[in-house]
Each structure stands twice: as structure tokens, then as C-alpha cells.
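# Structure at a glance
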Amino acid sequence: AQSVTQLDSQVPVFEEAPVELRCNYSSSVSVYLFWYVQYPNQGLQLLLKYLSGSTLVKGINGFEAEFNKSQTSFHLRKPSVHISDTAEYFCAVISISNFGNEKLTFGTGTRLTIIP
Amino acid sequence: GAGVSQSPRYKVAKRGQDVALRCDPISGHVSLFWYQQALGQGPEFLTYFQNEAQLDKSGLPSDRFFAERPEGSVSTLKIQRTQQEDSAVYLCASSLGVAVEYTGELFFGEGSRLTVL
């Protein structure tokens, strides 16, 4: 079975500062990795994903993440945050052995708060 | 519609009442998922449909929870004899295909917030 750990439940960051949201996963097989964002009173929205290929993945709103297999990590980064980035961010994993039954396993989320 | 639609958005139930939550997936989406999101937690998988077939219900917490998708489109999650611990946001998501190689993306609705008093 797979699992996802987001160690930081809350991250406050000053506007225009860089941010990194950490995600580590555990799986006995190869994985697909995702970051979803949940803005206040809205549904979850895909930010970016790693399926294969380049380990550096770029997503919407200037976010990027790097898949590191040796460290089993998929940290999310943005070089300069904006007030509108205030949201809850969830890391998620699908184990490839679940092919055909692609349920996501989510982390507990990181609340990103941007300080003006 | 353009996105996944869930209703009601908010539901308050007295303990012991039955509730039904509806999900309208994106038209043509084969896969449909239900997740439960407790306060301060990430979404937890409940059940999965491929068209009308319920292929995985391993996440349903008890036999009070029941889900159906009789015609392969709209789905209903029913909770019988609600308990306070059932209070959560129930999320529905759909995806186009059955294999994760398609895009790997689930499209989520805004959720139904259930409060059991």
C-alpha cells in the first residue's frame, strides 16, 4: 500500500518570497505523483503531475515540483508567491500496480498563507 | 455541465437520519470516485465506479454507507442512520478514462458538507 506524508501542516510566507511545500511518499512499486490545490470554498484542482519522463514538472500558476526517486520526495516550489496562492495544497500518489483502479492516496495537506 | 456538480452543497442531519448526496460527473467520464474529507485532513477514498460497475468499495467505513451509479452517469452516496463521526465533506471526482496513462487527472466537485447533530 502507498502513503503520502506532508510534514508541514501550515506554511506562512511573505508575499514575493519563495516557498517549498514538502511531500514524501512510500510505495513498494513505481508511482505517479500529483499536487492538487484547494482554494477556499472551491473543489480540488490539479496543479501538476508526474507520470514519467523529466523529473522536473511545471504546473499552473508558476508552480513546479521535482520527483526524486532516491529520496522518495515530490516537493512543490514557487520562486515568488502571490496573495492569490493562499490555499490548501495536497500531495497525492497512485501506485502503478493499481492500474485500472486508479484511486489517489492523499496527504493531510499543507495550508499556505501568504503574508502581505 | 462543464464541471462535476454535487448537491446539496450543505446538509445538516439529526443523528439517525438517512441522507443522500448526489454527484453529476462531467459528461462522458467513465470513472467516478467518492472521497470523504474530515476537517483538517486530506481526502480519504471511499469507493470507485467504472461506468455503472462499482469496482472498489474498500474505503466505505461501514455498511451504513452505500453508493450507486445505475446508468453509468449520476451517482448517489447514501448514508443510513447518520452518526456524528460521519460529519465531513464528501467529494466526488470523475475522470475520462480507465487507465492512468490518459492524463492522470481527476476532476473534483466542490463537495457536499454534511453536519450531523
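Each remark here, short or long, concerns the structure printed above.
Here is what the cut-offs are and how they apply
Residues numbered from 1 in each chain as written. Chains lettered and ligands numbered in written order. Predicted model: local features only at pLDDT ≥ 70, side-chain atom pairs only at ≥ 80, totals over all residues. Heavy atoms only, no water. Disulfide = S-S within 2.5 Å. Helix = DSSP H or I, 4+ residues; strand = E, 2+ residues; numbered from the N terminus. Core = buried A, V, L, I, M, F, W, Y, C linked by side-chain atoms within 4.5 Å. Buried < 20%, exposed > 50% of the residue type's maximum accessible area, 1.4 Å probe, protein only. Contact = heavy atoms within 4.5 Å. Pairing = 2+ DSSP bridges. Axes fitted to C-alpha atoms, helices over the stretch in contact; angles between N-to-C directions.

### Quick look at the state of the cysteines
In total, this model carries 2 disulfides over all chains according to the counting rule given. Two residues, A:Cys23 and A:Cys91, share a disulfide whose sulfurs are 2.0 Å apart. Note on the A:Cys23 and A:Cys91 pair: the S-S dihedral is about -65 degrees, so by sign convention the disulfide is left-handed. Of this pair, A:Cys23 sits in the loop between β3 (19–21) and β4 (24–26) while A:Cys91 sits in strand β10 (residues 87–95), and the two are 68 residues apart along the sequence. The side chain of B:Cys23 participates in a disulfide bridge whose partner is B:Cys92; the two sulfur atoms lie 1.9 Å from each other.

### With respect to the nonpolar core
Grouped together as the largest cluster of nonpolar side chains are 28 residues, with contacts concentrated most on A:Leu33, A:Trp35, A:Leu48, A:Phe74, A:Leu76 and A:Tyr89. Elements represented by at least two residues in this core include exactly β2 (10–14), β3, β5 (31–38), β6 (44–50), β8 (64–68), β9 (73–78), β10 and β12 (110–115) of chain A. Ignoring any residue separated from it by four or fewer positions in sequence, one finds A:Phe74 in contact with A:Cys23, A:Leu33, A:Phe34, A:Trp35, A:Leu48, A:Lys49, A:Tyr50, A:Ala65, A:Glu66 and A:Phe67. Counting 20 residues, the second largest nonpolar core, distinct from the first, contains B:Ala13, B:Val19, B:Cys23 and B:Ala67.

### Re the sheet that holds strand β1 (residues 5–7) of chain B
All names here are of chain B. Read from one edge to the other, the open sheet built from 4 strands follows the order β1-β3-β8-β7, with strand pairing classed as antiparallel. Edge positions in the open sheet fall to β1 and β7 (65–68), since each of these has one partner strand only. Recorded for the sheet is a direction-independent mean angle of 15 degrees between the axes of neighbouring strands. Pairing between β1 and strand β3 (residues 19–24): 3 bridges, direction antiparallel. Paired with Ser-5 across the two strands is Asp-24, which belongs to β3.

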